[in-house]
Amino acid sequence: MKFTTVLAFVFVAASVSATPFRETNGERMARGLPPLPPQKRSGTPVYAAKRTGPSSSPGQCTTGPVQCCDSVGTADDSVIGLILGLLGIVLGDGVLAGVGCSPITVIGASSSSCSAQTVCCEDNSSSLISIGCIPITL
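Overview of the structure. (Residues numbered from 1 in each chain as written. Predicted model: local features only at pLDDT ≥ 70, side-chain atom pairs only at ≥ 80, totals over all residues. Heavy atoms only, no water.)

The next thing to look at is the overall build of the protein chain. Each helix and strand counted, the protein chain has 3 helices and 4 strands in total. Sequence-distant contacts, at least 24 apart, represent 64% of the contacts inside the protein chain between residues at least 6 apart. (Helix = DSSP H or I, 4+ residues; strand = E, 2+ residues; numbered from the N terminus. Contact = heavy atoms within 4.5 Å.)

With that settled, consider the pattern of salt bridges. Within the structure shown, the criterion is met by 2 salt bridges. The partner of Arg31 in a salt bridge is Glu23, and the shortest N-O contact between them spans 3.3 Å. Among the residues examined, Glu23 registers a relative accessible area of 15% and is labelled buried. Here the salt bridges share partners, and the residues they tie into one network are Glu23, Arg28 and Arg31. (Salt bridge = Lys/Arg side-chain N within 4 Å of Asp/Glu carboxyl O. Buried < 20%, exposed > 50% of the residue type's maximum accessible area, 1.4 Å probe, protein only.)

Here a disulfide denotes a covalent bond joining the sulfur atom of one cysteine to the sulfur atom of another. Applying the stated rule across the entire model yields 2 disulfides. At a sulfur-sulfur separation of 1.8 Å, the disulfide partner of Cys69 is Cys101. Disulfide Cys69-Cys101: torsion about the S-S bond near 105 degrees, hence right-handed. Residue Cys69 is located in strand 1 (residues 66–73), and its partner Cys101 is located in strand 2 (residues 97–103); the two are separated by 32 residues in the primary sequence. Taking relative accessible area as the criterion, Cys69 reaches 0% and is therefore assigned buried. Across the disulfide from Cys121 sits Cys133; the S-S distance is 2.0 Å. (Disulfide = S-S within 2.5 Å.)

Glancing now at the nonpolar core. Counting 8 residues, the largest nonpolar core is built from Ile80, Ile83, Leu84, Leu91, Ala97, Val99, Ile129 and Ile131. Among the elements of the structure, helix 3 (78–87), strand 2 and strand 4 (129–135) are those that each provide at least two residues to this core. If you tally residues by element for this core, the top one is helix 3, at 3 residues. In terms of nonpolar packing, the next biggest core, distinct from the first, is built from 6 residues, Cys68, Cys114, Cys120 and Ile136 among them. (Core = buried A, V, L, I, M, F, W, Y, C linked by side-chain atoms within 4.5 Å.)

Here's what the structure looks like:
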């Protein structure tokens, strides 16, 4: 009887001491110890993560035709600000607009086909100004 009681006590003590106790990094640092390394948790493996497609190559526009603009700038630019004001268009900070833009074809285009700024613009609805332009290199 004593043997089984002692054996049961030893078994319980061994199982309690075998339970992993993981203190937090805050507790470790309070005691002057370095933080524990990060734990790897189960989740999406790197090889199964969603991959995005490649970005568009230089000289391609996804928002409209490639354009050659005489002037490109923000609403702070005097000419662009004047045209935007006359048209009643308000742009956010840092939004580029192009003035005097005309579409160009990329096929066979070289840097000499546009003597000004080559851009890709989101809104080409106005014949005077194109809004949301991004400079591109052909």
